[in-house]
Amino acid sequence: MTDKEPVLRTGGADNDLEELLGERLDAFNNAATGGAEETEFSVRVTDTDGGIIAGLTGWTWGDLGGIELLWVHEDHRQAGWGTRLLQAAEAEARRRGCARMAVSTYSFQAPAFYARHGYRETGRLPGLPGGHEDVHFLKELT
């Protein structure tokens, strides 16, 4: 051990730090949860040229699935792509042994969409810019 004092620094984005913290927290979480590891998945919709029309990223961890991001290009909204993405994600989570699915969305984004698909609101985090909230949902996949 050295006599030097630790240094606290604040800065912009730090990819190396984010990667290191992710690795360390994953190891801690895996130990605390009996070895359950988080694994990611994705669902994408492309046009005939390979351009992305819509997509979803998610994860599974033990018997819990989660939606990280869901987006549909504005030219393709109201065509059912969001529903199909959500159904595909739920099917993948079930295939991986999940019994529940979690998601959060901002109050100006899609809370009504998730509620229509059987997601139950579990909480809100107020104080987002513009007076908005982060709305949390959970759905039983059985």
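Residues numbered from 1 in each chain as written. Predicted model: local features only at pLDDT ≥ 70, side-chain atom pairs only at ≥ 80, totals over all residues. Heavy atoms only, no water.

Enquirer: So what about the packing of aromatic side chains? Which residues, and what values?
Expert: As enumerated under the stated definition, the model contains four aromatic pairs in all. Between Tyr-114 and Tyr-119, the ring centres sit 5.6 Å apart and the planes meet at 75°, which makes this aromatic pair edge-to-face. With respect to burial, Tyr-114 and Tyr-119 carry one shared label: buried. Geometrically, the ring pair formed by Tyr-114 and Phe-137 is tilted, given 6.1 Å between the ring centres and 35° between the ring planes. With Tyr-114 in helix α3 (residues 111–116) and Phe-137 in strand β6 (residues 132–140), the pair connects residues that are 23 residues apart, well separated along the chain. Each of the two residues, Tyr-114 as well as Phe-137, counts as buried. Above the ring of Trp-81, the side-chain terminus of Arg-84 is found at 3.9 Å from the ring centroid. (Phe/Tyr/Trp six-rings, centres within 6.5 Å; stacked < 30°, edge-to-face > 60°. Buried < 20%, exposed > 50% of the residue type's maximum accessible area, 1.4 Å probe, protein only. Helix = DSSP H or I, 4+ residues; strand = E, 2+ residues; numbered from the N terminus. Lys NZ or Arg CZ within 6 Å of the ring centre and 35° of its normal.)

Enquirer: An account of the sheet that holds strand β5 (residues 120–128) is requested, with residue identities and associated values reported.
Expert: Read from one edge to the other, the open sheet built from six strands follows the order β1-β2-β3-β4-β6-β5, with strand pairing classed as mixed. Edge positions in the sheet fall to β1 (38–46) and β5, since each has one partner strand and no second. Direction aside, neighbouring strands of the sheet carry axes that sit 20° apart on average. Looking at chain direction, strand β4 (residues 100–106) and β6 are connected through seven bridges and run antiparallel. Within β6, the residue paired with Thr-105 across the bridge is Val-135. Contacts from helix α2 (residues 81–95) reach β1, β2 (52–61), β3 (64–72), β4 and β6 within the one sheet, and its direction differs from that of β2 by about 25°. (Pairing = 2+ DSSP bridges. Axes fitted to C-alpha atoms, helices over the stretch in contact; angles between N-to-C directions. Contact = heavy atoms within 4.5 Å.)

Enquirer: For helix α1 (residues 15–32), give the residues involved together with the corresponding values.
Expert: Taking 1.5 Å per residue as the helical rise, α1 with its 18 residues ought to reach 26 Å, and the 25 Å between its terminal C-alpha atoms agrees with that figure. The element α1 is largely exposed, with a buried count of one among its 18 residues. Two or three places before Asp-16, at the start of α1, stands the capping residue Asp-14, its side-chain oxygen 3.3 Å from that residue's backbone nitrogen. At the C-terminal side of α1, Gly-34 shows a positive phi close to 75°. (Expected span 1.5 Å × (residues − 1). Polar contact = N/O pair within 3.5 Å; in protein donor to acceptor, adjacent residues only side chain to side chain.)

Enquirer: Explain a negative patch on the surface to me, using residue names and the numbers behind them.
Expert: A surface patch of like charges, here negative, comprises Asp-14, Asp-16, Glu-18, Glu-19, Glu-23, Asp-26, Glu-37, Glu-38, Glu-40 and Glu-68. Those elements that place two or more of their residues in the negative patch are α1 and β1. In terms of residue count, α1 provides more of the negative patch than any other element does, five residues in total. Checked against the element boundaries, Glu-40 lands in strand β1. (Patch = residues over 30% accessible without salt bridge, like charges linked within 9 Å, V, L, I, M, F, W, Y side chains within 5 Å. Areas by Shrake-Rupley, 256 points an atom, 1.4 Å probe, with all protein chains shown as cover. Salt bridge = Lys/Arg side-chain N within 4 Å of Asp/Glu carboxyl O. Lys, Arg positive; Asp, Glu negative; His and termini not counted. Charge placed at Lys NZ, Arg CZ, Asp CG, Glu CD.)

Enquirer: Describe the nonpolar core, with residues and values.
Expert: In terms of nonpolar packing, the biggest core is built from 21 residues, with Leu-56, Ile-67, Leu-85, Met-101, Tyr-114 and Tyr-119 touching the most fellow members. It is α2 that contributes the most residues to this core, four residues altogether. (Core = buried A, V, L, I, M, F, W, Y, C linked by side-chain atoms within 4.5 Å.)

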